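Coordinates in review
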Amino acid sequence: MMLPLISICFLLVQTAFGLIYETIEDLPNQTYDFVVVGGGTAGNVIANRLTEDPAVTVLVLEAAGSNEGVLLSEVPFFCAQLMGSAYDWNFTTTVQPGLNGRAISYPRGYMLGGSSSINFMVYTRGSADDFNRYARLTGDDGWSWNEMLPYILKNERIVAPSDGHDTTGEFDPAAHSYTGVNFVSLPGYPRGTDDKILQAVDELPEQFPYDLDYNDGKPNGIGWLQSTVGNGARSSSATSYLGPEYIGRPNLHVLLHSYVTRILPKDSEGSELHFDTVEFMHGSDGAIHTLTPNREIVLSAGAIGTPHILLNSGIGDSDTLSTIGIDTTLHLPSVGQNLTEHPRFTLDWSISDNNTFESVYWRNATFQQEALTEWQESRTGFLSSNPYSQVGFLRFPEEEVTWNDICAGPETPQYEIIFGNGLLSPSVPATGDTFNIGVIALCPLSRGNITINSTDFLTPPLLNPNLLFDPQDVAILKAGTEHVQQFVAASSWNDYILSPLTNVTDDAIRDGGAITFHPVGTASMSPVGADWGVVDPDLLLKGAKGVRIVDASVLPFVPSAHTQAPVYAFAERAADLIKQAWTL
């Protein structure tokens, strides 16, 4: 059953909230110090931090509409229904050879808050090794774990779960911050598989140890999931960094429905190129507008949107651009390359228990209405928590690793497992109950790209994550499925699991492989002076002035984590880099 009718009326909001504007005519300013392209995970951090100085003016250009009143985004349990909705860019990949010729959907957030408004809210930082590798690669120790930890904590505010239960033993309070901006909490409603998962962990401690807190920089084991949820509702960059206490700043403006097409250079200053103008389409008539900030353009359109804008602007490989008919303004062959994504494969089992999402919620219209009413009245109950409650980050025994381990270091997990108490789609079978475990390869070898084949700015880019192209990625997923099957062989699952519903051959993995919605690397940072990469370690565009890139596209490797927490931390540091550059 789909959402009750009462929820649908909250799905669209047209009015401005605070200093968020729907039309360009309403903007009180025509000049700004900084223009931020993209009001997503990173862009809203930049806007918030720069406008802490009341003398600094910032405009955020957001292609989509407001997040206000979008119930699908606000209610944590509804997260899966955002994929393929009106709040998704609804991208589709090119045909993927590694997926046996399939093309698959590639969800990205299409509302204020970007993908932080539609993701599954999983809060994982990655390993210390991940950040230390960024520092080694770029030659900038500022990207190391020790230097980035203050920015991680600056973003995070741990709050009580929606049910207010005692969380002792479910996380390490010393590893967290209670004073940041973005809410993070533990599960606030019990799921039917909680006890069985923890019992299996107790039974198999050597292979599947209990991890009190996977966010301490050394993730190793299975533990309680931490999510960007606070007071029973999603905490996105829009609800946090553009929250009521910030959006009223007179120097912070957001313009919705503003689709950025290009960044444009000013007249040559000697031999150095300077991009100083943002070109964008606004409104239903598609009128073209330009804005020239006094100081910088900050591109935060995401790992897909940012390279799309760069390529449309003539920034990329000159030979490739010329075949399309685009004049090259800056030859940077790495633009759009190095697209990296976590491949995922899910195993399902038929079970004997009916304490599942299918039976408890999807087949029970009465409970659906009761749960929605409870959430609307108190922000508690079934809907107030992430559908997932436990997650594992693990390494294989050394003797089993027959491939080249390219993870960031010896304390970086090689695979993730995440547990589902049934199906998350309203379209469930009339009978039967299921349990599932997703297996994610955290250090994939396959690399893809984002390209364009048209001079029409509105033509979507070509998305080729090249998922599972390298056989090593399939081998890792297959090894992960073998360990998962050992996990469900623990006695806690006796008389619970009836039969497997998933084949685990190499071909089945290619037929069922999927993305985890974690694209990075398409505008990668690299050392100063390197002949590859798109930005320097300070995130300034190589070979030009005036543009800084702050989003997941700059990460040269995908971290061993769901990407929102690392992106928040990168944006926090980027804000300080901008302040230092301009002595703010």
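The shown structure was predicted, so the numbers you read here are calculated from the model rather than taken from an experiment.

**Looking at empty space enclosed by the protein**
The rolling of a water-molecule-sized probe over the atoms marks out the regions of remaining empty space. In total, this model carries four cavities of 30 Å³ or more according to the counting rule given. Computed from the structure, the largest cavity encloses a volume of approximately 70 Å³. Surrounding the largest cavity, S162, S185, L186, P187, G188, L225, S227, V229, S384, S385, N386 and Y388 form its lining. Its residues assigned to classes, the lining of the largest cavity shows five nonpolar, seven polar and no charged. Roughly 40 Å³ of volume is contained in the second largest cavity. Looking at the second largest cavity, the residues that line it are F396, W403, D405, I406, C407, Q414, C443, Q472 and I476. Of the residues belonging to the lining of the second largest cavity, the class tally is six nonpolar, two polar and one charged.

**A look at the layout of surface pockets**
Roughly 380 Å³ of internal volume is contained in the second largest pocket. F183, A233, R234, S235 and T239 are, among the 22 residues lining the second largest pocket, the residues nearest its centre. Looking at the lining of the second largest pocket, the elements with two or more residues in it are α3 (71–74), β10 (233–234), α7 (237–240) and α8 (244–247). Of the residues contributing to the lining of the second largest pocket, the split by class is six nonpolar, 10 polar and six charged.

**Some words on helix α6 (residues 194–203)**
All of the buried residues along α6 are D194, I197, A200 and V201. In an axial view of α6, the angular spread of the buried residues amounts to 140 degrees, which keeps them on one side of the axis. What points out from α6, more than 90 degrees from its buried face, is the exposed set D195 and D202. The inward-facing, buried residues of α6 abut β8 (221–224), β20 (390–394), β21 (415–420) and α13 (471–487).

**Section: the packing of aromatic side chains**
Inspection of every chain in the model, using the stated rule, returns 31 aromatic pairs. The interplanar angle of 85 degrees and the centroid separation of 6.4 Å between the aromatic rings of F34 and W582 together place this pair among those described as edge-to-face. Of this pair, F34 sits in strand β2 (residues 34–37) while W582 sits in the segment after α15 (564–581); the two residues are 548 residues apart in sequence, bridging distant segments of the chain. Judged by its relative accessible area of 0%, F34 is buried. The positively charged end of R133 is found above the aromatic ring belonging to F557, 3.8 Å away from the centroid. It is R573 that lies over the ring of W143; its NZ or CZ is 4.4 Å from the centre.

**Some details on the sheet that holds strand β11 (residues 252–255)**
Across the sheet, six strands lie side by side as β1-β11-β3-β2-β15-β28; this open sheet has parallel pairing. The open sheet has two free edges, formed respectively by β1 (20–21) and β28 (547–549), since each of these has just one partner strand. Pairing analysis gives four bridges linking β2 to strand β15 (residues 296–299), with the strands arranged parallel. Paired with V36 across the bridge in β15 is V298. The strands touched by helix α9 (residues 302–312) are β2, β15 and β28; relative to β15, the strand with the most contacts, the crossing angle is about 130 degrees.

**Examining the packing of helix α2 (residues 43–50) against α15**
Axis separation between α2 and α15 bottoms out at 9 Å; the angle between their running directions is 40 degrees. The pairing of α2 with α15 is recorded here as oblique in orientation. For α2 against α15, the interelement crossing comes out right-handed. Taking contact as the criterion, the partners of V45, I46, R49 and L50 in α2 are, on α15, Y568, A571, E572, A574, A575, I578 and K579. In terms of residue class, the contact of α2 with α15 is made up of eight nonpolar, no polar and three charged.

**Some remarks on the side chain of N466**
Residue position: N466 is located in the loop between β24 (462–464) and α13. On the basis of relative accessible area, N466 is assigned to the buried category, the value being 14%. Residues within four places of N466 in sequence aside, it is in contact with Q96, S446, R447 and G448.

**What about the sheet that holds strand β23 (residues 448–451)?**
As summarised here, the arrangement of the three strands in space is β18-β23-β24, forming an open sheet in which the pairing is antiparallel. The sheet terminates laterally at β18 (337–339) and β24, the two strands that pair on one side only. Averaged over neighbouring strand pairs, the angle between their axes works out to 30 degrees when direction is ignored. Of the strand pairs in this sheet, β23 and β24 are connected by three bridges, and their pairing is antiparallel. Within β24, the residue paired with N449 across the bridge is N464. The strands that α9 touches are β23 and β24; relative to β23, the one it contacts most, it runs at about 50 degrees.

**Structural notes on the pattern of salt bridges**
Tallied over the entire structure, the rule returns 12 salt bridges. Its salt-bridge partner being E279, residue R262 comes within 2.8 Å of it at the nearest N-O pair. Highlighted residues: R262 in strand β12 (residues 258–265) and E279 in strand β13 (residues 273–282), separated in sequence by 17 residues. Residue E279 is classed as buried on the basis of its relative accessible area, which comes to 7%.

**A few points about unusual backbone geometry**
A positive phi is found at M121, a non-glycine position, where the angle reads about 65 degrees. Along the chain, M121 falls in the loop between β5 (105–106) and α4 (128–138). M121 gets classed as buried once you look at its relative accessible area, which sits at 0%. Although it is not a glycine, L539 sits at a positive phi angle of roughly 70 degrees. For L539, the position within the fold is in the loop between β26 (514–515) and β27 (544–545).

**A few points about a negative patch on the surface**
Judged by side-chain charge, E398, E399, E400 and E482 come together as a negatively charged surface patch. Given the relative accessible area of 67%, E399 is considered exposed.

**Observations regarding the confidence of the model for the chain**
In low-pLDDT segments, the atomic positions of the prediction should not be examined closely. Here the chain averages 95 in pLDDT, while 96% of its residues score no lower than 70. Counted against residues more than four places away or in other chains, residues 1–17, with its pLDDT under 50, gives 38 contacts.

**Considerations on the pairing of β23**
Only one face of β23 is covered, namely the face carrying G448 and I450; the face carrying N449 and T451 is uncovered. Examined bridge by bridge, β18 and β23 share two bridges and lie antiparallel to one another. Counterpart to L339 in the pairing with β23 is G448.

What counts as what
- Residues numbered from 1 in each chain as written.
- Predicted model: local features only at pLDDT ≥ 70, side-chain atom pairs only at ≥ 80, totals over all residues.
- Heavy atoms only, no water.
- 1 Å grid on protein atoms, 1.4 Å probe; cavity = no way out; pocket = protein on both sides within 12 Å on 5 of 7 lines; lining within 4 Å.
- Points joined across faces, edges and corners; volume = space filled by probe spheres on them.
- Nonpolar A, V, L, I, M, F, W, Y, C, P; charged D, E, K, R; others polar.
- Helix = DSSP H or I, 4+ residues; strand = E, 2+ residues; numbered from the N terminus.
- Buried < 20%, exposed > 50% of the residue type's maximum accessible area, 1.4 Å probe, protein only.
- Arc of directions from axis to C-beta.
- Contact = heavy atoms within 4.5 Å.
- Phe/Tyr/Trp six-rings, centres within 6.5 Å; stacked < 30°, edge-to-face > 60°.
- Lys NZ or Arg CZ within 6 Å of the ring centre and 35° of its normal.
- Pairing = 2+ DSSP bridges.
- Axes fitted to C-alpha atoms, helices over the stretch in contact; angles between N-to-C directions.
- Parallel < 35°, antiparallel > 145°, perpendicular 65-115°, else oblique.
- Left-handed = near helix turned anticlockwise from the far one by under 90°.
- Salt bridge = Lys/Arg side-chain N within 4 Å of Asp/Glu carboxyl O.
- Patch = residues over 30% accessible without salt bridge, like charges linked within 9 Å, V, L, I, M, F, W, Y side chains within 5 Å.
- Areas by Shrake-Rupley, 256 points an atom, 1.4 Å probe, with all protein chains shown as cover.
- Lys, Arg positive; Asp, Glu negative; His and termini not counted.
- Charge placed at Lys NZ, Arg CZ, Asp CG, Glu CD.
- pLDDT = per-residue confidence, 0-100.

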